[in-house]
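Chain residues, written in single-letter form:
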Amino acid sequence: MMKKKLISTLLCTSMVAALAAGCGGSGDGGSEGGGDAKGDSDKTTLTMWLPPLDEDTENNFKPLLADFEEENNCEVKMELIPWASYEEKWSTAISGGEGPDIGYMYAEMYPTYISSGAVVDLTDMMEDADYDEYLYLDRGEMMSGLYGIPIVTGVPFVLYYNQEIESFQS
């Protein structure tokens, strides 16, 4: 049941091929990149990197994280990183052996970090019930593993026109 709650929260917190990944993390007690730092209240601190996904990403995520933090005696430290430097931040952090515990990646970023072993395969952490609960969970599968939990599966575009209007313009 804890797995289901974790997956549910991560789905909410990732907001597109939102990705829940154990990307590095030194476990050194709260360095910038993450790890399993313990605070004064004995709570585990998890770092989460996000770009500004909407006009108020931080405040939109806080309520989604509150229940998860309480249920799991942890604190999620959210860091918003501007789009312009987002991929560079990841690259620099992972090259230095650091990275967030939870992070957002867009599809083009995955192959590099999967190949280097910086992103954890979530396959063994999933249960059949998770696939039943989350219709598009399989969209996070790539390179022979499940490396992300999608929060957006694509934006369909439809082109249509009124043929009667077209015929009047001919």
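Residues numbered from 1 in each chain as written. Predicted model: local features only at pLDDT ≥ 70, side-chain atom pairs only at ≥ 80, totals over all residues. Heavy atoms only, no water.

Chemist: Would you mind going over the confidence of the model for the protein chain with me for this structure?
Modeler: Any segment with low pLDDT has predicted coordinates that should not be analysed in fine detail. In the predicted model, the protein chain carries a mean pLDDT of 75, and 65% of its residues have values of at least 70. For the protein chain, per-element mean pLDDT is lowest for strand 1 (residues 18–19), which scores 30, and highest for strand 4 (residues 74–80), which scores 96. Of the regions scoring below 50 in pLDDT, residues 1–39 engages in 132 contacts with residues more than four places distant in sequence or in other chains. (pLDDT = per-residue confidence, 0-100. Helix = DSSP H or I, 4+ residues; strand = E, 2+ residues; numbered from the N terminus. Contact = heavy atoms within 4.5 Å.)

Chemist: Help me understand the pattern of salt bridges, please; the structure alone is not making it clear to me.
Modeler: A side chain of one charge can pair with a side chain of the opposite charge if their charged atoms are brought near each other. In the structure shown here, the tally under the stated rule is three salt bridges. In this structure, glutamate 58 and lysine 62 form a salt bridge, with 3.9 Å as the shortest nitrogen-oxygen distance. In this pair, glutamate 58 and lysine 62 both sit in helix 2 (residues 57–71), four residues apart, roughly one turn of the helix. For lysine 62, a relative accessible area of 43% corresponds to the partly exposed category. The shortest N-O distance in the salt bridge between glutamate 79 and lysine 89 comes to 3.2 Å. Here glutamate 79, found in strand 4, pairs with lysine 89, found in helix 3 (residues 83–95); they are 10 residues apart in sequence, far enough to count as distant. By relative accessible area, which is 23% here, glutamate 79 ends up partly exposed. (Salt bridge = Lys/Arg side-chain N within 4 Å of Asp/Glu carboxyl O. Buried < 20%, exposed > 50% of the residue type's maximum accessible area, 1.4 Å probe, protein only.)

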